[in-house]
Amino acid sequence: MDRSKKPSAIGVGASLPQPSVSVQDGLIEASLPSGESVTVYLYGATVTSWKANGQEQLFLSQKAVLDGSKPVRGGIPLVFPVFGPPPQNHATSSLPQHGFARNSTWEFLGKSSSEASKGDFAVKLDFGLSHTMLSEEFRKAWPYEFGLVYSVTLTKSALKTSLQVTNEGKENFEFQVLMHTYLSVEDISNIRIKNLESKTYVDKTRNASTHTESSPALAITDETDRVYQDLDPTKPIIVSTASDDQPLFSITREALGDIVVWNPWVEKAKGMSDFGPDEAYKNMVCVEAGSVSTWQTLEAGDSWEGVQSIKSRL
Ligand SMILES: O=P(O)(O)OC[C@H]1O[C@H](O)[C@H](O)[C@@H](O)[C@@H]1O
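Rules used in this analysis
- Residues numbered from 1 in each chain as written.
- Predicted model: local features only at pLDDT ≥ 70, side-chain atom pairs only at ≥ 80, totals over all residues.
- Pairing = 2+ DSSP bridges.
- Helix = DSSP H or I, 4+ residues; strand = E, 2+ residues; numbered from the N terminus.
- Axes fitted to C-alpha atoms, helices over the stretch in contact; angles between N-to-C directions.
- Core = buried A, V, L, I, M, F, W, Y, C linked by C-beta atoms within 7 Å.
- Buried ≥ 20, exposed ≤ 12 C-beta atoms within 10 Å, placed from the backbone.
- Contact = placed C-beta atoms within 7 Å.
- Near = placed C-beta within 6 Å.
- Nonpolar A, V, L, I, M, F, W, Y, C, P; charged D, E, K, R; others polar.

> Explain the sheet that holds strand 8 (residues 120-130) here, please?
In a beta sheet, neighbouring strands pair by backbone hydrogen bonds and run either parallel or antiparallel. Read across the open sheet, the nine strands follow the order 7-8-9-10-22-19-18-13-16; overall the sheet is antiparallel. Where the open sheet ends on each side, the last strands, each with one partner, are strand 7 (107-117) and strand 16 (217-219). Sheet twist, expressed as the mean angle between neighbouring strand axes with direction ignored, is 20°. Strand direction decides the pairing type here: strand 9 (residues 146-155) and strand 10 (residues 158-167), joined by nine bridges, are antiparallel. Residue pairing across strands places L148 opposite V165, the latter belonging to strand 10.

> Is there a simple way to explain the nonpolar core in this structure?
For soluble globular proteins, nonpolar side chains are generally found buried alongside one another. If you look at the biggest cluster of nonpolar residues, it comprises 75 residues, and the most contacted ones within it are L183 and V287. Looking at which element gives the most residues to this core, the answer is strand 21 (residues 284-298), with seven residues. Apart from residues no more than four positions distant in its own chain, V287 is found in contact with T181, L183, I193, I237, V239, I251, I259 and V261.

> Quick question: what am I supposed to make of unusual backbone geometry here?
Most peptide bonds take the trans configuration, and most residues that are not glycine carry a negative phi. In the segment running from F80 into P81, the intervening peptide bond is cis, with an omega of 0°. Among the secondary structure elements, P81 is positioned in the loop between strand 6 (78-79) and strand 7. For the peptide bond that leads from G276 to P277, omega is -5°, which places it in the cis range. Along the chain, P277 falls in the loop between helix 3 (265-271) and strand 21. Positive phi is not limited to glycine here, since D25 has a value of about 45°. In this structure, D25 sits in the loop between strand 1 (20-24) and strand 2 (27-31). Positive phi values are uncommon outside glycine, yet A45 reaches one of about 45°. Among the residues examined, A45 registers 30 C-beta atoms within 10 Å and is labelled buried.

> Mind showing me how you'd approach the site of the ligand here?
With respect to spatial proximity, the complete set of residues near the ligand consists of P71, G84, Q97, H98, K204, D225, V260, W262, C286 and E288. Of all the secondary structure elements, the ones that give two or more residues to the shell around the ligand are strand 20 (258-263) and strand 21. Tallied by class, residues from the shell around the ligand come to four nonpolar, three polar and three charged.

So this is what it looks like as structure tokens:
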């Protein structure tokens, strides 16, 4: 008799559904028994899909390039160590727009899972990037010894992304960081963004002029590219529907005091070769948690951590 095939009490227990993680061809996928899932490319450690409540929550352009030849247009690209075009006469001056994190290949450091209560799982995926892993071009352009650990945690109710930056060298460096989240929405005209009222913002569509937000519920009706500054990270940014005031997303942050709101609208969308279809600007809004209005200085040996947590359809 083949005893190895005999069912046992332990065997029955072990067959209860568990989170699963698959790793193949530069792609990590995790899913929970309750149906939520997340997909992360090693290229850029870019989250490209997050499914919750039976629906995709992130926008990914149909023309997004996924072969590692350019940053992914959609999902959650990571911006580090500079946001936007680098300033002149700064340590980041020779880097491309938004730095190198989104266009470098990260390593998968591993997974862990926990069960808060019966059947309520969390699965965490960790990714790493360090100085020696960069291309020669990026290493030369930003010669600091750094370590990044990016953790993506999927639970039934939320997707949490946290980035830890460590200065592993002997000299201080300055950085900016941003989680460039492309949220998927059905119809941009029915979207309102709350909890920005009375905050100062820089409008990049109007010569980087400074304004104060007057609206309690921001509507996107044109090209929008604003950097809201000095928010209370623990106060959630709420993305809701205009028609019935239903909350779609709630975004809390730790140590990420700025929020960028971006929608390319008609002309800019047409002008991006990797954005498509042209009309897809109606189905996305970027609400990007970051620390970009000033520079973080990291002393030798020190670490810093920024966290974003997105809940969907509360
Ligand atoms: O085209 P990318 O380099 O991906 O940048 C896309 C967008 O990112 C951010 O939201 C910036 O505020 C925008 O100014 C920029 O256009």
